[in-house]
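Listed below are the residues making up each chain.
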Amino acid sequence: MAASPQQFASAIQALLKMSELSPEEMQRRFEEALDVDRWRRLVPFASIGEDPPDGAEPALISDEDAAAEKRRLDRDGYFRLHRVFDSARIARMRRTVEAVRADGWPVAFAFVFDDFWSIARTPRIASFLEGTVGEGYLQNTVVWAHWVSGERGVAGWSPHDDYRGSGDTFLSLWIPLSDASVDNGCMFLLPADASREISTAVDEQRDLPSSTFRRMLQDIIALPVPAGSMIGWRGDLLHWGGANAGGAEPRLSLALEFRARGARASRFESPLIDPRASLPAFELRLFAIVKALREYTKFEPLLARYLPLAERIFAETADASASRSNAPPAS
Ligand SMILES: O=C(O)CCC(=O)C(=O)O
């Protein structure tokens, strides 16, 4: 007799429960997570708590590309810029993610290291963000790192939008640390008009006619990009990580989010930080990582094994993080 979908779902839930960290491992990881020096020893070539020197590892975006991609963002809700970041920096960040993963952490813990907070602070990126999010823009504390294994069928996140209705007050940045190809699960999205049409139909619980459905399939944009590129989208855009179609190379990337100053941000995005100030304190980094981890089991169910650990770190860092915000509180 074949198992029903409900039986499959409960079996998976039971397996996930069994894979939870033991109390001993949870205690060990809790202590290690809070130990800055242990992170430094784990990845001796990456810093924690050092603001980058001026002019270090500049990012490259030509004026023509910046203007063209701003036009694309205004028209279609997304942009793509190829090979923006220094390749040595990207290689270092990739090795950092690999070291964090090899030590048994969700790869988002790479955000304890400076590189992951400073990458969007170079003058060229800051000027692109000013042009697209507005002068005085802020970073929210929603960050994540992605690892999509190089095995056929393994996929990135399922289709979603980030902040519906946020217009041009919101921008997500997505930076690949390995080449992201159609074969290993690059990003895909639907441009603004098509995204809106689907989101409205979903909100109104209305089926789409098959002619619309076929048209939408043709509208899908694949965003294969080499390591060190930068792509991004507005909060209304439906986007997703593709499924590996046979590529052997894992797909590694990171995601950051930015807000117009004065925009109404959600509680999940708080605290907002000022990208012109010093890099966020270590506790705030940990807080941001586990805040996201608690939320993103909806996209990555295997993270459930780390949830009790995330809750403990969250409780430990929440107060310190609230007082560490260096920007106006989100409304
Ligand atoms: O990398 C992925 O698979 C998904 C990224 C994404 O959707 C996001 O950062 O919002």
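Residues numbered from 1 in each chain as written. Predicted model: local features only at pLDDT ≥ 70, side-chain atom pairs only at ≥ 80, totals over all residues.

Participant: For the site of the ligand, give the residues involved together with the corresponding values.
Facilitator: The environment of the ligand is made up of W144, H146, G156, W157, D162, S172, W174, H239, G241, S253 and A255. Residue classes in the shell around the ligand are distributed as 4 nonpolar, 6 polar and 1 charged. (Near = placed C-beta within 6 Å. Nonpolar A, V, L, I, M, F, W, Y, C, P; charged D, E, K, R; others polar.)

Participant: Go over the pairing of strand β1 (residues 78–81), please, and point to the residues and values.
Facilitator: Neither face of β1 is open: one carries Y78 and R80, the other F79 and L81, and all of them are buried. Here 4 bridges tie β1 to strand β7 (residues 230–233), and the two strands are oriented antiparallel to one another. Paired with F79 across the strands is G232, a residue of β7. (Buried ≥ 20, exposed ≤ 12 C-beta atoms within 10 Å, placed from the backbone. Helix = DSSP H or I, 4+ residues; strand = E, 2+ residues; numbered from the N terminus. Pairing = 2+ DSSP bridges.)

Participant: Outline the pairing of strand β4 (residues 170–176), supporting the account with residue identities and numerical values.
Facilitator: Of all the 7 residues making up β4, 7 are buried; the element is thus mostly covered by neighbouring parts of the structure. Here β4 shows a buried face lined by F170, S172, W174 and P176 and a second buried face lined by L171, L173 and I175. In this sheet, strand β9 (residues 251–259) lies alongside β4 in antiparallel orientation, the contact comprising 7 bridges. Following the sheet pairing, S172 is matched in β9 by E257. Here 3 bridges tie β4 to β7, and the two strands are oriented antiparallel to one another. The residue of β7 that forms the bridge with S172 is W233.

Participant: Provide a residue-level description of helix α8 (residues 192–203), including the pertinent values.
Facilitator: For α8, spanning 12 residues, the distance from its first C-alpha to its last is 16 Å, which sits close to the expected 16 Å at 1.5 Å a residue. Count one or two residues on from α8 and you reach Q205, which has phi positive near 50°. (Expected span 1.5 Å × (residues − 1).)

Participant: Please provide a residue-by-residue account of the sheet that holds strand β6 (residues 221–223), values included.
Facilitator: Across the sheet, 3 strands lie side by side as β6-β5-β8; this open sheet has antiparallel pairing. A single partner strand is all that each edge strand has here, and the edge strands are β6 and β8 (239–241). The average undirected angle you get between the axes of adjacent strands in this sheet is 25°. The pairing of strand β5 (residues 187–189) with β6 spans 3 bridges and is classified as antiparallel. (Axes fitted to C-alpha atoms, helices over the stretch in contact; angles between N-to-C directions.)

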